[in-house]
Amino acid sequence: MSQTRLNLARIVLLDLWHHKWMLLLAVAVVVNAITIVYTSHVSRKYISQWDQMLQQRDRLDIEWRNLLLEEQSQSEHSRITRIASKELEMSRPLPKEEVVVRVR
C-alpha cells in the first residue's frame, strides 16, 4: 500500500514537472487575482477617506463663514461705542480735556 502511494505521489510530481508552465500560469493567475482584490480594497478605502475629508472641508468652510460673520458683527463701531458707554461708563473727552503728547 505504501508503495502505491509513493508511486502516485511520484507520478503527480512528474506530471506537474512536465506541465510546469501551466502550473506557473495558474500561480500567476492566483497572484493576479489576489492583487486585484487588494488593490480594490485599498482604492475603496482611499475613496471613503477622500469623501470624509470633503465633508470635513465643507463643515470647516461653514464654520469659517460663521466666524467671519461673528467677527464682523463684533467689530462694528456702533457696538463698540455702545459697550464702552454703557458697560464701561466711558465717554468721549471734550476738546479742552484732551492732552497731546509729542514724542521726539
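Anything mentioned here points back to the structure above.
Not measured: the values here are computed from a predicted model. Counting starts from 1 at the beginning of each chain's written sequence and moves along it residue by residue. Two thresholds apply to this predicted model, a pLDDT of at least 70 for residue-level local features and 80 or more for giving and counting side-chain atom pairs, whereas whole-chain, interface and lining totals are computed over all residues. The side-chain figures draw on all heavy atoms in the structure; neither hydrogens nor water molecules are used.

A. Geometry of the pattern of salt bridges. Take a side-chain nitrogen of Lys or Arg and a carboxyl oxygen of Asp or Glu: if they are within 4 Å of each other, that pair is a salt bridge. A full pass over the atoms with the stated rule returns two salt bridges. When the shortest N-O distance is used, the salt bridge between Asp58 and Arg57 registers 3.6 Å. The classification of residues rests on relative accessible area computed with a 1.4 Å probe and restricted to protein chains. Under 20% of the type maximum is buried, over 50% is exposed, and intermediate values are partly exposed. By relative accessible area, which is 41% here, Asp58 ends up partly exposed. The exposure class assigned to Arg57 is exposed, which follows from its relative accessible area of 52%. With a shortest N-O distance of 3.3 Å, Arg65 and Asp61 are connected by a salt bridge. Placement of both Arg65 and Asp61 in helix H2 (residues 20-74) is noted, with a separation of four residues, approximately one turn of the helix. Residue Arg65 is classed as exposed on the basis of its relative accessible area, which comes to 53%. On the basis of relative accessibility, which here comes to 33%, the residue Asp61 falls in the partly exposed class. Helix and strand assignments come from DSSP, with helices taken as H or I runs of at least 4 residues and strands as E runs of at least 2, each series counted from the N terminus.

B. View of the packing of aromatic side chains. Put simply, two rings from Phe, Tyr or Trp (the six-membered ring, in Trp's case) pair if the centres are within 6.5 Å, and we call them stacked under 30 degrees between planes, edge-to-face over 60, tilted for the rest. On inspection of all chains with the given rule, the structure shows zero aromatic pairs. Two thresholds decide whether a charge sits over a ring: the Lys NZ or Arg CZ must be within 6 Å of the ring centre and within 35 degrees of the ring normal. For the cation-ring pair, Lys20 lies above Trp17, with the distance from its terminal atom to the ring centre recorded as 4.1 Å. The ring of Tyr46 has Lys45 sitting right over it, with the charged end atom 5.8 Å from the ring centre.

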